[in-house]
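Next come the chains, spelled out residue by residue.
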Amino acid sequence: MRLLPALTVTALLALCPLAAAQTPANCALANAVDSGSYATLTIDTWSEADEDNAAGNWADCRAAALRRSLSGNPKLSARIDGLRRQMQQLRALEGQFAYIRAGGGTLYSHAIPRSFPYLEEQLSGLAALARTTLGAQTGQRYAALIAQARTDHAAYVATLRAYRPTPDETYSSYNAAEWKQLVDRYEALGRAVMGTLGTRGDAATALGYAMLTTTLFPADGEF
């Protein structure tokens, strides 16, 4: 398994070998119900690929709806779009790290698109907060949350860098050069997210930093 570009939900789903025949998105429904209800109402015969597709469709529809709602605020819209791309790539890499440690397994690729509905909920909440005076409120708590998120993210990267398969991990598909390349990419994406969010110690920024710590899989492989 090689590095996933993860530019959009649809692009990720296209890379999943089980997602050959996809049901078209029903955005009217996706914008009216939660992701679980959307899956219930759109999957005729359950399969892993259909569940991936339903999650991806719901997230794509909600992303488009959020983009429309931000049409009057192009700067915020661009920041949210940038965060979405960056966070999707982080989630894809987290799945890939787990895949390598486990020596394969389809559950890791399935977990990636299924994480996007929650990511879209986070982005929607961030956008809503950023458009209110509540989001601009500053305080020691918000600054502490940002500092903790930075610390936790750095620890996650450090744990990834320190990973080496133990003698009993005969199933791992670890390659030192590839692993380093992926960790470097992950660290760079984390810095990009922090650059997009900025350093202002307000509520909206603190909420954005929380996305860095809601990782798809733990860095130590204990899952």
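Scroll up to find the structure.
Each helix and strand counted, the protein has ten helices and zero strands in total. For the protein, the succession of helices and strands along the chain, N to C, is α-α-α-α-α-α-α-α-α-α. For the protein, contacts bridging at least 24 residues in sequence account for 80% of all contacts bridging at least 6. Summed over its atoms, the accessible surface of the protein is roughly 10900 Å², and 56% of this surface lies on carbon and sulfur atoms.

Let us look at the pattern of salt bridges. Considering all chains together, one arrives at twelve salt bridges under this definition. In this structure, Arg67 and Asp81 form a salt bridge, with 3.1 Å as the shortest nitrogen-oxygen distance. Of this pair, Arg67 sits in helix α4 (residues 48-69) while Asp81 sits in helix α5 (residues 74-102); the two residues are 14 residues apart in sequence, bridging distant segments of the chain. Among the residues examined, Arg67 registers a relative accessible area of 37% and is labelled partly exposed. For Asp184, the salt bridge goes to Lys180, with nearest N and O atoms at 2.9 Å. With Asp184 and Lys180 both in helix α9 (residues 176-197), this residue pair falls four residues apart, about one helical turn. With relative accessibility at 29%, the residue Asp184 sits in the partly exposed group.

Below, the discussion takes up empty space enclosed by the protein. Inspection of every chain in the model, using the stated rule, returns one cavity of 30 Å³ or more. Approximately 50 Å³ is the volume attributed to the largest cavity. Every element with two or more residues in the lining of the largest cavity is listed here: α3 (35-42) and α4. Among the elements that line the lining of the largest cavity, the one with the most residues is α4, at four residues. Looking at the lining of the largest cavity residue by residue, the class counts come to three nonpolar, four polar and one charged.

With that settled, the discussion passes to the state of the cysteines. The final tally for this structure, using the stated rule, is one disulfide. Covalent S-S linkage joins Cys27 and Cys61, the inter-sulfur distance amounting to 2.1 Å. Between Cys27 and Cys61, the S-S dihedral sits near -80°, and the bridge is therefore left-handed. Taken as a pair, Cys27 in helix α2 (residues 27-30) and Cys61 in helix α4 lie far apart in primary sequence, 34 residues in all. Judged by its relative accessible area of 2%, Cys61 is buried.

It is worth spelling out the packing of aromatic side chains at this point. Enumeration according to the criterion identifies seven aromatic pairs in this entry. Consider the rings of Phe97 and Tyr186, whose centres lie 5.8 Å apart with planes at 70°: the pair is edge-to-face. Note that Phe97 is positioned in helix α5 and Tyr186 in helix α9, a separation of 89 residues in sequence. Each member of the pair Phe97 and Tyr186 is classed as buried. Taken together through their ring pairs, the aromatic side chains of Phe97, Tyr156, Tyr163, Tyr174, Trp179 and Tyr186 make up a single cluster.

The rules we used
- Residues numbered from 1 in each chain as written.
- Predicted model: local features only at pLDDT ≥ 70, side-chain atom pairs only at ≥ 80, totals over all residues.
- Heavy atoms only, no water.
- Helix = DSSP H or I, 4+ residues; strand = E, 2+ residues; numbered from the N terminus.
- Contact = heavy atoms within 4.5 Å.
- Areas by Shrake-Rupley, 256 points an atom, 1.4 Å probe, with all protein chains shown as cover.
- Salt bridge = Lys/Arg side-chain N within 4 Å of Asp/Glu carboxyl O.
- Buried < 20%, exposed > 50% of the residue type's maximum accessible area, 1.4 Å probe, protein only.
- 1 Å grid on protein atoms, 1.4 Å probe; cavity = no way out; pocket = protein on both sides within 12 Å on 5 of 7 lines; lining within 4 Å.
- Points joined across faces, edges and corners; volume = space filled by probe spheres on them.
- Nonpolar A, V, L, I, M, F, W, Y, C, P; charged D, E, K, R; others polar.
- Disulfide = S-S within 2.5 Å.
- Phe/Tyr/Trp six-rings, centres within 6.5 Å; stacked < 30°, edge-to-face > 60°.

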